[in-house]
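Below, each chain spelled out in residue letters.
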Amino acid sequence: MHGLGWFLFSFWWLIFPIMGFVFGGFGMWMGFRQQQRSLDIIKSYADQGKEVPPEVMQALNNSGRNGMGYGGAYAPGPYAYGWGNRWASRAYRWGPYWAWRRVIIFGSLTAGFGIAAWYGGGDTSEPFTLVAIIMGCLAVGSLLFAILNTVFARHEPPHQP
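Computed from a prediction, not measured in an experiment: that's the story for all the values here.

In this structure, what is going on with the overall build of the protein chain? I would like to understand it.
A tally of regular secondary structure across the protein chain gives 5 helices and 0 strands. Starting at the N terminus and ending at the C terminus, the protein chain contains elements arranged as α-α-α-α-α. Across the protein chain, the fraction of contacts at a sequence separation of at least 24, relative to all contacts at a separation of at least 6, is 47%. Approximately 12100 Å² of the protein chain is accessible, and the part contributed by carbon and sulfur atoms is 70%.

Here's what the structure looks like:
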């Protein structure tokens, strides 16, 4: 097998990092466009000689985070940063929910690569075994972090500069 078919067959896995770069670049471009729109709104108020209303500034500050900024429009009640409303802030990323999610993901990947290594046979079992060991180490580390994160859960957002 030679030519393009050999290349695609041998390096099929490159689609994942390439798509990661593409999606990352697209996300950065969309963030840039959002910032440009926010600046255009502020410029329009400045051109009219008016002060930007606080509500507009609050909306512009929260728009980069899909309206989920600290104390934004989606942060009602005393449980806004704790277990009661985990979508209200970005604090959920460091909370127990996110930590246990990583345990499940890495545990599932460990099991999948372990099964592939067990039933793969031949030359394919060694790389799958190596990846299963690495994923297992990540799953154990995530498990320890999730336990600590559950025991010492934070119920307020991290300091925002």
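Whenever I open this one, helix α4 (residues 96–120) confuses me. Can you help?
The terminal C-alpha atoms of α4 lie 35 Å apart, and with 25 residues this matches the ideal 36 Å at 1.5 Å per residue to within 8%. Taken residue by residue, α4 has Pro96, Ala99, Val103, Phe106 and Ala117 as its buried positions. Here the buried face of α4 lies against α5 (125–151). Positive backbone phi, at 65 degrees, marks Gly121, one or two positions downstream of α4.

Which parts of the structure should I look at to understand the packing of aromatic side chains?
Two measures describe an aromatic ring pair: the distance that separates the ring centres and the angle between the ring planes. Throughout the structure, instances matching the rule amount to 2 aromatic pairs. Consider the rings of Trp29 and Phe32, whose centres lie 5.6 Å apart with planes at 35 degrees: the pair is tilted. Here Trp29 pairs with Phe32, and both are found in helix α2 (residues 15–47), just 3 residues apart, close to one helical turn. On the accessibility criterion, Trp29 (46% relative accessible area) is partly exposed. Taken together, a centroid distance of 5.8 Å and an interplanar angle of 40 degrees make the contact between Phe113 and Phe128 tilted. Of the two residues, Phe113 sits in helix α4 while Phe128 sits in helix α5, which places them 15 residues apart along the sequence. Of note, Arg101 hangs over the ring of Trp98, and the distance from its end group to the ring centre comes to 4.7 Å.

How should I be thinking about the confidence of the model for the protein chain in this particular structure?
Should pLDDT be low for a region, the predicted coordinates there are not to be read in detail. Of all residues in the protein chain, 73% attain a pLDDT of 70 or more, and the chain-wide mean is 77. Under a pLDDT of 50 for its full length, residues 65–89 has, in the predicted model, 50 contacts with residues more than four places off or in other chains.

In this structure, what is going on with the packing of α4 against α5? I would like to understand it.
At a minimum axis separation of 7 Å, α4 and α5 run at an interaxial angle of 160 degrees. In terms of orientation, α4 lies roughly antiparallel with respect to α5. Here α4 and α5 pass one another in a crossing that is left-handed. The residue inventory of the contact of α4 with α5, partitioned by class, reads 19 nonpolar, 9 polar and 1 charged.

Help me understand the side chain of Ser142, please; the structure alone is not making it clear to me.
Among the secondary structure elements, Ser142 is positioned in helix α5. Since its relative accessible area comes to 9%, Ser142 is described here as buried. Setting aside anything within four residues of it in sequence, one finds Ser142 in contact with Ala99, Arg102, Val103 and Phe106.

Help me understand the environment of Leu60, please; the structure alone is not making it clear to me.
Tracing the sequence through the fold places Leu60 in helix α3 (residues 54–63). Linking Leu60 and Arg37, residues 23 residues apart in sequence, is a C-alpha distance of 9.3 Å.

Calculation notes
- Residues numbered from 1 in each chain as written.
- Predicted model: local features only at pLDDT ≥ 70, side-chain atom pairs only at ≥ 80, totals over all residues.
- Heavy atoms only, no water.
- Helix = DSSP H or I, 4+ residues; strand = E, 2+ residues; numbered from the N terminus.
- Contact = heavy atoms within 4.5 Å.
- Areas by Shrake-Rupley, 256 points an atom, 1.4 Å probe, with all protein chains shown as cover.
- Expected span 1.5 Å × (residues − 1).
- Buried < 20%, exposed > 50% of the residue type's maximum accessible area, 1.4 Å probe, protein only.
- Phe/Tyr/Trp six-rings, centres within 6.5 Å; stacked < 30°, edge-to-face > 60°.
- Lys NZ or Arg CZ within 6 Å of the ring centre and 35° of its normal.
- pLDDT = per-residue confidence, 0-100.
- Axes fitted to C-alpha atoms, helices over the stretch in contact; angles between N-to-C directions.
- Parallel < 35°, antiparallel > 145°, perpendicular 65-115°, else oblique.
- Left-handed = near helix turned anticlockwise from the far one by under 90°.
- Nonpolar A, V, L, I, M, F, W, Y, C, P; charged D, E, K, R; others polar.

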